Amino acid sequence: MDCDEVMLTVRITAAERALLRDLARGHGGDVSDVAVDGLLEVIPALHDDACVLPLLRVLARPAPFALTLWLPAAVADLLPLLGERLVRTGGPAAGPASAALSAALRLWLGGDRVVLAAGLARLHGGCGAGATAAVRPWAGAAAFGAEPVKAAA
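Residues numbered from 1 in each chain as written. Predicted model: local features only at pLDDT ≥ 70, side-chain atom pairs only at ≥ 80, totals over all residues. Heavy atoms only, no water.

Some words on the overall build of the protein
Our working rule: Helical segments are the DSSP runs of H or I of at least four residues, strand segments are the runs of E of at least two, and each set is numbered from the N terminus. Accessible area is worked out with a 1.4 Å probe on protein chains only. A residue is then buried under 20% of its type maximum, exposed over 50%, and partly exposed in between. In this analysis, two residues are considered to be in contact whenever any of their non-hydrogen atoms come within 4.5 Å of each other. Each accessible area is a Shrake-Rupley result for a 1.4 Å probe, and residues are judged covered by the shown protein chains and nothing else.
In terms of helices and strands, the protein carries eight helices and two strands. Taken from N to C terminus, the helices and strands of the protein fall in the order β-α-α-α-β-α-α-α-α-α. Within the span of the protein, comprising 153 residues, buried residues form 42% of the whole. Long-range contacts, defined as pairs at least 24 residues apart, comprise 82% of the intrachain contacts of the protein with a sequence gap of at least 6. Total accessible area on the protein is roughly 7,500 Å²; 60% of this is exposed by carbon and sulfur atoms.

Set out below in structure tokens:
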């Protein structure tokens, strides 16, 4: 196990799981890398408590499937902060990091499939599939007032 990664489980729907797998097939086949790319896209947009309301709506919908993801530690470190914001705005108190991950991923997957695929293609332009998470795992830290710290490779 690479100590620079964290394993977390998310709750998603069957349709979200199928979409995530389809997107992963088109971008190197790694579901975790695609999930990280989605988080890097959605987390910076959640800069204040009012922006977290869509996450609460997503969490209110049932999600029967569990999916385990590997996240770079720098990205996983953002999730408790987002989880605390969820709790402050009426979200679940239990497992805030996992709930935040599930909600953020489901919010991103709720977008238009073509737009998501185009965003991934743009993100991976010039990089090999899966390289983006290693290149900029600290993106989004500023959304929480955190200083980005680059881990040594």
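Some remarks on the side chain of S102
Examined against the element boundaries, S102 turns out to sit in helix α6 (residues 96-109). S102 has contacts with T9, V10 and R11, leaving out every residue within four places of it along the chain.

A look at the side chain of R106
Test applied: Side-chain atoms alone can form a polar contact between residues adjacent in sequence; in general such a contact is a pair of N or O atoms within 3.5 Å, and within protein one must be able to donate a hydrogen while the other accepts it.
With respect to the element layout, R106 can be found in helix α6. When its relative accessible area of 3% is taken as the criterion, R106 is described as buried. Polar side-chain contacts of R106 include one of 3.5 Å to the backbone oxygen of P62. Setting aside residues up to four positions removed in sequence, R106 forms contacts with R11, I12, T13, E16, V58, R61, P62 and A63.

A closer look at the environment of D4
Looking at the secondary structure, you find D4 in the segment before β1 (5-12). Judged by relative accessible area, which is 36%, D4 ranks as partly exposed.

Side note on helix α1 (residues 14-25)
Note that an α-helix has 3.6 residues per turn; residues three or four places apart therefore point the same way. Keep this limit in mind: Working rule for helices: expected span equals 1.5 Å times residues minus one. Comment: arc refers to directions from the helix axis out to C-beta atoms.
The terminal C-alpha atoms of α1 lie 17 Å apart, and with twelve residues this matches the ideal 16 Å at 1.5 Å per residue to within 8%. Here α1 has its buried residues at E16, L19, L20, L23 and A24. End-on, the buried residues of α1 take up no more than an arc of 135 degrees, which puts them together on one face. In α1, the exposed positions angled more than 90 degrees off the buried face are occupied by A15 and R25.

Let's talk about the pattern of salt bridges
Opposite charge on two side chains allows them to pair when their charged atoms are near. What counts here: For this document, the term salt bridge refers to a Lys or Arg side-chain nitrogen within 4 Å of an Asp or Glu carboxyl oxygen.
Under the criterion given, the structure shown has three salt bridges. Across the pair R25 and D22 runs a salt bridge whose closest N-O atoms are separated by 2.2 Å. With R25 and D22 both in helix α1 and three residues apart, this pair spans about one turn of that helix. Judged by relative accessible area, D22 falls into the partly exposed class, the value being 30%. In this structure, the salt-bridge partner of D22 is R113, at a minimum N-O distance of 3.1 Å. Residue D22 is found in helix α1, and its partner R113 is found in helix α7 (residues 113-124); the two are separated by 91 residues along the sequence.

Considerations on the nonpolar core
As a reminder, the rule being used: We define the nonpolar core as a collection of buried residues of types Ala, Val, Leu, Ile, Met, Phe, Trp, Tyr and Cys that are connected through side-chain atoms lying within 4.5 Å of one another.
Counting 37 residues, the largest nonpolar core has L69, L71, L105 and W108 as the members making the most contacts within it. Aside from chain neighbours lying at most four places away, what touches W108 is L20, L23, V34, G38, E41, V42, L116 and L120.

As for the packing of aromatic side chains
Remark: the centre distance and the inter-plane angle together describe each pair of aromatic rings, the angle taken between the planes. What counts, and what does not: Any two of the Phe, Tyr and Trp rings considered here, Trp counted by its six-membered ring, make a pair once their centres fall within 6.5 Å; the pair's planes then place it as stacked at under 30 degrees, edge-to-face at over 60, or tilted in between. Criterion for a charge above a ring: Lys NZ or Arg CZ within 6 Å of the ring centre, and within 35 degrees of the ring normal.
Counted according to the given criterion, the structure contains zero aromatic pairs. The lysine or arginine in question, R17, covers the ring of F65, its NZ or CZ lying 4.1 Å from the ring centre.

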